[in-house]
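Residue strings, one per chain:
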Amino acid sequence: MTITEDAPGHVGSRRLRKEDPALLTGEAKFIDDLALPGAIWVGMVRSTEAHANIVGIDGSAALAIDGVNEVLSGEDLAPLWGEGALPCAWPVTPDMKNPAHLPVARGTAKYVGDAVAVVLADSRYAAADGAAAVVVDYEPLPAVVEIEDAVADGAPLVHADLDSNECYTWGLWGDNAPAIDAAFAEAAHVVSERYLQQRLIPAPMEPRGCAAVPSPAGGELTLYSATQIPHILKVMTAVVLGIPENKLRVVAPSVGGGFGCKLNVYAEEILCSALAMQRGAPVRWTEGRAEAAVSTIQGRGQVQHIELAADADGKVTAVRVKLLADMGAYLQLVTPGVPLLGGFLYHGCYDIPNYMFECTSVFTNRTPTDAYRGAGRPEATYAVERAMDSLAVSVGVSPEEIRARNFIGADAFPYTSAAGLIFDSGDYQTVLDKAVALADVDGRRSDQAQRRASGSSKRIGVGFSSYVEMCGLAPSRVLASLDYGAGGWEAATVRISPTCKVQVVTGSTPHGQGHETCWSMIVADQLGVDPDDVEVLHSDTAVSPTGLDTYGSRSLAVGGTAVYMATEKVIDKARAIAAHQLEASEDDLEFSGGVFRVRGTPEAEVPLAGIAFAAFTAHDLPDGMEPNLEAHVTYDPPNFTFPNGTHIAVVEVDTDTGDVDLIDYVAVDDCGVQINPLVVEGQVHGGILQGAAQALYEDAVYNSDGQLVSANLGDYLVPSAAEAPRFRLDSHVTPSPTNPMGVKGVGEAGTIAAAPAVINAVVDALRDLGVTDVDMPASPQTVWRAIADAQGGAS
Amino acid sequence: MTAVTLTVNGTERSLEVEPRTLLVHALRDDLGLTGTNVGCDSSSCGACTVLVDGQSAKSCTMFAVQANDADITTIEGVADADGTLHPMQQAFHEHHALQCGYCTPGMVMAAISLVEEYPGLDEGGVRHGLEGNLCRCTGYQNIVDAVLAAAGSGGD
Ligand code: FES
Ligand code: FES
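The structure presented is a predicted model; accordingly, all values stated were derived computationally and were not measured.

A. Expanded view of the pattern of salt bridges. Here the structure, examined in full by the defined rule, presents 48 salt bridges over all chains. Between A:Lys322 and A:Glu358 there is a salt bridge, with its nearest N and O atoms 3.6 Å apart. Here A:Lys322, found in strand β14 (residues 316–328), pairs with A:Glu358, found in strand β15 (residues 354–363); they are 36 residues apart in sequence, far enough to count as distant. With a relative accessible area of 44%, A:Lys322 lands in the partly exposed category. One salt bridge in this structure joins B:Glu123 and A:Arg726, with 3.1 Å as the shortest N-O distance. Placement of the pair is B:Glu123 in helix α4 (residues 123–129) and A:Arg726 in the loop between α19 (677–696) and β28 (727–731), with the two residues belonging to separate chains.

B. Quick look at the state of the cysteines. Residues and elements named next belong to chain A. Evaluation of the coordinates by the stated rule reveals zero disulfides over all chains. The thiol of Cys-88 is not disulfide-bonded; the next cysteine sulfur, from Cys-167, is found 7.7 Å away. Given the relative accessible area of 17%, Cys-88 is considered buried. Free of any disulfide, Cys-518 has its nearest cysteine sulfur in Cys-671, 11 Å distant.

C. Layout of the environment of B:Asp122. Tracing the sequence through the fold places B:Asp122 in the loop between α3 (104–117) and α4. Placed 12 residues apart in sequence, B:Asp122 and B:Ala110 show a C-alpha to C-alpha distance of 16 Å.

D. Seen up close, the nonpolar core. Residues A:Val42, A:Ile306, A:Phe423, A:Tyr665 and B:Phe92 are the most contacted members of the largest nonpolar core, which totals 223 residues. At 13 residues, helix α20 (residues 749–766) of chain A tops the list of elements feeding residues into this core. When neighbours within four sequence positions are excluded, A:Phe423 is seen to be in contact with A:Leu345, A:His347, A:Gly348, A:Ile408, A:Phe413, A:Pro414, A:Tyr415, A:Ser417, A:Tyr428, A:Val468 and A:Phe642. Among the nonpolar cores identified, the runner-up in size contains 48 residues, and A:Cys500, A:Val563, A:Ala579 and A:Ala615 belong to it.

E. Structural view of the environment of A:Ala115. Residues and elements named next belong to chain A. You can see Ala-115 is positioned in strand β5 (residues 115–121). In this structure Ala-115 comes out as buried when scored by relative accessible area, which is 5%. Here Ala-115 is in contact with Met-44, Val-45, Arg-46, Pro-103, Val-104 and Ala-105, once residues within four sequence places are set aside.

F. Quick look at the interface of chain A and chain B. Each partner contributes to the interface: chain A provides 54 residues, whereas chain B provides 48 residues. Summed over both partners, the interface of chain A with chain B buries about 4,200 Å², with 55% contributed by carbon and sulfur atoms. Summed over the three residues of chain A that lose the most area to chain B, namely A:Leu24, A:Tyr125 and A:Met205, the buried surface amounts to 19% of that side. Where chain A packs against chain B, one counts 26 residue pairs in polar contact (both at pLDDT 80 or more). Of all elements in the fold, only α1 (20–24), α4 (124–133), α9 (289–295) and α19 of chain A reach the threshold of two or more residues within the side of chain A that touches chain B. Looking at the side of chain A that touches chain B element by element, the count peaks at eight residues for α19(A).

So, how was this worked out
- Residues numbered from 1 in each chain as written.
- Chains lettered and ligands numbered in written order.
- Predicted model: local features only at pLDDT ≥ 70, side-chain atom pairs only at ≥ 80, totals over all residues.
- Heavy atoms only, no water.
- Salt bridge = Lys/Arg side-chain N within 4 Å of Asp/Glu carboxyl O.
- Helix = DSSP H or I, 4+ residues; strand = E, 2+ residues; numbered from the N terminus.
- Buried < 20%, exposed > 50% of the residue type's maximum accessible area, 1.4 Å probe, protein only.
- Disulfide = S-S within 2.5 Å.
- Core = buried A, V, L, I, M, F, W, Y, C linked by side-chain atoms within 4.5 Å.
- Contact = heavy atoms within 4.5 Å.
- Buried area = accessible area lost by both parts, 1.4 Å probe.
- Polar contact = N/O pair within 3.5 Å; in protein donor to acceptor, adjacent residues only side chain to side chain.

Below, the structure is given as structure tokens:
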């Protein structure tokens, strides 16, 4: 045991991660690493048509393959789940359309990738061969591929039993409509823009996979899955399949990244679970990469209309947003809620009195969309930050000046936004000033001017993005008001063993974020123990039965706070025991460095280790006290947290080729108090590159038949080290008053900020050529065409 | 089935595989060496990188039979027997060059081979040298710094 004398102060240090050794040596076990002798391998037969009636399924060629044992259609599988459909937990309006999304389609396939049959085989190879050999006879139906086509007159219907392709319309404007109209009528400047959010493929490096293992004697089932949400998955699997929840255990082994796409309940998880129960044997499936592109949810997919009204000085008086959002063919777990998460933030970090947001969501014959890193907030930030740059041009001031004129002031917190949120803390101007200095904006601008003057084909552009996001999902009552089907709390248990080792059980579910390291640091500081003496257990519902998992940058602000509070509760109990042992009043005790001392009587002290052992033996505890040092807390946050920041991208654009080179990237973020800056920076780096990749490279391209033409990593351009810039980071800390540690969250910040910074930079580089907008991704072809169009238009 | 003999991490192993078995699956499924990961089906991601006769290779692009009689090193074989990490692994740890860790075994193997083959690489060289290995978590900066540090410290 290690009890340090002084408060060690691990929080705030760049402590190396305890997760690393197992991952660095290959010891960590991911889903496909599990050895399950005798397992049935599942191969999924997926629709090659965007919309078609399934006329026949011929498994004879598949069954002729050695090791292929069965070919099952959606009808064959019907007894396993009846009408049980994959769950959508967020019915955002009472009249939202939610067509039943069966794990394996019956009758009609509605997108390329829709599961239409299943092959059961003895091996991974036989399952793949078998799936490829199944012949499905399709009768093609007209498909709706693009968002705006879905709402066009006479559009084919994705779901024949609905009278349109509209899923829901959700709005946020209260009784504000007259004031908004007045603001636009009186505005000196009006900006009206249309932006496209292309569909993105999340592409964590580990594809999905699952394995269901029954224990026939006990009627129990263990579902292993590469998931972000073992707790939610457990409840949902129990409900869909009617398995008693007490007979179901869900385990997320090491998970190779998620970014939101593993925040779901998927057909294969339900299928493997149901088959394993039926067959009394392990059933497993591992996703292929090209398969993942169509069978795992995609992100974004919106057409955005944003209007700003501003007075003569560029002070924005109203923002009005209309969104068309692509749900895909069906609703997955939180598909309909994603646009709403952005819907509160289209005014950005600006003090704008009048706000209107309306979203119409539509079905298309494409893979369902759902949460992808940032989920709604990158889209909102993109729209408002692009529009603010347009406003700056209209007013004739710099991007930093238009932002300064509109920022919510540092003295305005807590700030009630026009959309009804209460922002916790921030100092947006200081953050922007730091970023401007770090990026040497003046130097870049003079370089830009020189190159323009000399007619260089290598243009420089400087792009700003100031953002605020809502994190720490979420106060349960707020979720109730948004018709979300669950709460937003998180649970933690802290136990101190007889030998004073600490066990933390968290309901958060890490997949790369470093929870074990960070939770250990928090608890170690509180208890005065070494972080290596703190073990953090998670991701297995048998070990951590209560939790709501990891998404929405909630782990630290909600899950970490629960851990902190549980530790405080343990300390309170230890204090009572210490007072009993020292025959002192609890109020006279101080606790630091793992030792209770009577104030003013330094020799009267007892270490936590002594109390832990006393709590275990229970020989001499205060009357009525239960033995052992253990506490459980379920923390329901009173508010969201609001991380914020300013990012500045510098690009060099080759006007001859359209090639964009990201030559500098500066980020100054306020994610509240940082537990481990090393981990924070890692999150920011990865997040920025994912956002920059939307701006420059990534695009789930569908042709007019609804075929995804960028399904593998050769066509879908996940950036490599060669494309990635060097990031230069700084931070600013305004502690959140919402939770005791003052933390906010950082998992999505980079992704939320980066895309508009990069596109604003590209447009800035080309503005003197007449370019006012460039669609994402700003590929060489797109940029070249934007220049050519602008030049053509000018001549 | 075809007989194949491989020397894997210094130990000779004999196995019977279907001729079309990929090296990565022979390592993972037949030999139980699951440290080498699979991230794609188009030779694009590098998660499966191992050393074949000292040179980095994507083990999903080779049949096991093609590696007959070869000397294979996987991520399980680079740390010392006493558990001391290889300097490249240690550098990844110290620079926080991994998050989820799924790309990491392949990235470490590619990096070991890169700095051995091209001593004295600068940042641009490392970035281009690792182009075939994708990471979705880190944004690469800490990976690049780790590789440069390992190269500079003589960590082969
Ligand atoms: S698994 Fe992707 S390159 Fe081998
Ligand atoms: S650390 Fe997750 S993919 Fe590289």
